[in-house]
Amino acid sequence: DQQVKQNSPSLSVQEGRISILNCDYTNSMFDYFLWYKKYPAEGPTFLISISSIKDKNEDGRFTVFLNKSAKHLSLHIVPSQPGDSAVYFCAASARQAGTALIFGKGTTLSVSS
Amino acid sequence: GAGVSQSPSNKVTEKGKDVELRCDPISGHTALYWYRQSLGQGLEFLIYFQGNSAPDKSGLPSDRFSAERTGGSVSTLTIQRTQQEDSAVYLCASSPQGHQPQHFGDGTRLSIL
């Protein structure tokens, strides 16, 4: 059974608007969450992370929100740019050194100009 | 470059042959991870190294899969008697002493005919 779920395979947004990507998890042991961005034929690139002791983390145009009671996190991109078009993966781990990341299946974001 | 390097970038082989995939992590990163991404799926954890030892091999799908790491640096993932279901992109990541985030290479696209 999938422990990390990204229920929207794709999302289309106009340039300048907000993109909201969602992720749900089932394992209550997860306490560290990451978002990666992936272009075709390239490896995933780390974007932003959040620890379970926080409910929000912001880095420039990217903000991640965590709702522990709902086991839900989201990535907000404001304003969206055409270069943001990529596949976005949500990942989770227990806060221990060396544990594997558990990934969702990804959401393909398309930003049109 | 300073990133994670993987070779070959593409590999096509016949069913039943053995293949070796190589990963050169970021210098100084003691933790190394192998993942694979099958078509339309998220990244699936295979194995984790801390130094030359592998404390977590839980993701290796069968005994046809093995990996080693020598000198605390380069790692090789070997798949014996390849099957068509082994076709996937194999991704390697590294991190300093197992802490997040993990930094990924661009992967090896393996195609089994």
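Residues numbered from 1 in each chain as written. Chains lettered and ligands numbered in written order. Predicted model: local features only at pLDDT ≥ 70, side-chain atom pairs only at ≥ 80, totals over all residues. Heavy atoms only, no water.

1. Quick notes on the overall build of chain B
Threshold: Helix and strand assignments follow DSSP, with helices taken as H or I runs no shorter than four residues and strands as E runs no shorter than two, numbered in order from the N terminus. The globule rule is 2.2 Å times the number of residues to the power 0.38, and the radius of gyration it is compared with is taken over C-alpha atoms.
A count of helical and extended segments in chain B gives zero helices and eleven strands. Tracing chain B from N to C terminus, the helices and strands come up as β-β-β-β-β-β-β-β-β-β-β. For 113 residues, the compact-globule estimate of 2.2 N^0.38 gives 13 Å, and chain B sits close to it at 13 Å. On the principal axes, the C-alpha backbone points of chain B span a range of 35 × 25 × 25 Å.

2. Describing the overall build of chain A
The condition that has to hold: Note on exposure labels: buried denotes an accessible area under 20% of the residue type's maximum, exposed denotes more than 50%, and partly exposed covers the range between, all computed with a 1.4 Å probe on protein chains only. Contact definition: two residues touch when any of their heavy atoms are within 4.5 Å. Each accessible area value is a Shrake-Rupley result obtained with a 1.4 Å probe; residue values ignore everything except the protein chains displayed when judging cover.
Helix and strand counts for chain A stand at zero helices and eleven strands. N-terminal to C-terminal, the α/β element order of chain A is β-β-β-β-β-β-β-β-β-β-β. Rg of the C-alpha trace for chain A: 13 Å, near the compact-globule value of 13 Å for 113 residues, within the 12% margin. Here the C-alpha coordinates of chain A stretch approximately 40 × 30 × 25 Å along the principal axes. Relative to its full complement of 113 residues, chain A shows a buried share of 46%. Residue pairs at least 24 apart in sequence account for 54% of intrachain contacts in chain A once pairs closer than 6 positions are excluded. Roughly 5,500 Å² of accessible area belongs to chain A as shown, and the carbon and sulfur atoms make up 48% of that amount.

3. Some words on a nonpolar patch on the surface
Residues and elements named next belong to chain A. Our working rule: Candidate patch residues must exceed 30% relative accessible area and have no salt bridge, after which like charges are joined if within 9 Å and Val, Leu, Ile, Met, Phe, Trp or Tyr side chains if within 5 Å. Throughout this description, the term salt bridge denotes a Lys or Arg side-chain nitrogen within 4 Å of a carboxyl oxygen of Asp or Glu.
Together, Ile18, Ile20 and Val78 make up an exposed nonpolar region whose accessible area comes to about 230 Å². Mapped onto the elements of the fold, Ile20 is located in strand E3 (residues 19-25). Since its relative accessible area comes to 38%, Ile20 is described here as partly exposed.

4. Details of the interface of chain B and chain A
Defined as follows: By buried area we mean how much accessible surface two parts lose on assembly, using a 1.4 Å probe and totalling the loss over both.
Between chain B and chain A, the residue contacts involve 19 residues of the former and 20 residues of the latter. Interface area for chain B against chain A, summed over the two sides, is near 1,500 Å², with a carbon-plus-sulfur share of 60%. Looking at the side of chain B facing chain A, the largest losses of area belong to Leu43(B), Gln100(B) and Phe104(B), adding up to 33% of the total buried there. For the pair chain B and chain A, the interface holds zero salt bridges.

5. Digging into the packing of aromatic side chains
Note the threshold: The criterion for an aromatic pair is that two Phe, Tyr or Trp rings (for Trp, the six-membered ring) have centres within 6.5 Å, with stacked assigned to planes under 30 degrees apart, edge-to-face to planes over 60 apart and tilted to the rest.
Under the defined criterion, the tally for this structure stands at twelve aromatic pairs over all chains. Here the aromatic rings of Tyr25(A) and Phe33(A) are separated by 4.6 Å at their centres, their planes lie at 40°, and the arrangement is tilted. Among the residues examined, Phe33(A) registers a relative accessible area of 2% and is labelled buried. Ring geometry for Phe89(A) against Phe103(A): centres 6.3 Å apart, planes inclined by 85°, an arrangement best described as edge-to-face. With Phe89(A) in strand E9 (residues 86-93) and Phe103(A) in strand E10 (residues 102-103), this pair connects stretches of sequence that are 14 residues apart. Taken together through their ring pairs, the aromatic side chains of Tyr36(A), Phe46(A), Phe89(A), Phe103(A), Tyr33(B), Tyr35(B), Phe45(B), Tyr48(B) and Phe104(B) make up a single cluster.

6. Some thoughts on unusual backbone geometry
Here the bond from Val78(A) into Pro79(A) is cis, since omega is -15°, no more than 30 degrees from zero. Inspection of the secondary structure puts Pro79(A) in the loop between strand E8 (72-77) and E9. A cis geometry characterises the amide bond from Ser7(B) onward to Pro8(B), with omega recorded as -10°. With phi around 65°, Ala41(A) is a residue other than glycine that occupies positive phi space. For Ala41(A), the position within the fold is in the loop between strand E4 (32-38) and strand E5 (45-51). Judged by relative accessible area, which is 65%, Ala41(A) ranks as exposed. Of note, the phi angle at Arg81(B) is positive, near 45°, even though the residue is not glycine. Tracing the chain through its elements places Arg81(B) in the loop between strand E8 (75-79) and strand E9 (88-95). Arg81(B) gets classed as partly exposed once you look at its relative accessible area, which sits at 43%.

7. Here we look at the pairing of strand E11 (residues 108-112) of chain B
All names here are of chain B. Put simply, the rule is: A strand pair is defined by DSSP finding two or more bridges across the two strands.
Only one face of E11 is covered, namely the face carrying Thr108, Leu110 and Ile112; the face carrying Arg109 and Ser111 is uncovered. Both strand E2 (residues 10-13) and E11 contribute to a ladder of four bridges, which runs parallel. Bridge pairing in E11 links Asn10 to Arg109. Pairing between E9 and E11: three bridges, direction antiparallel. From the neighbouring strand, Val89 faces E11, where its bridge partner is Arg109.

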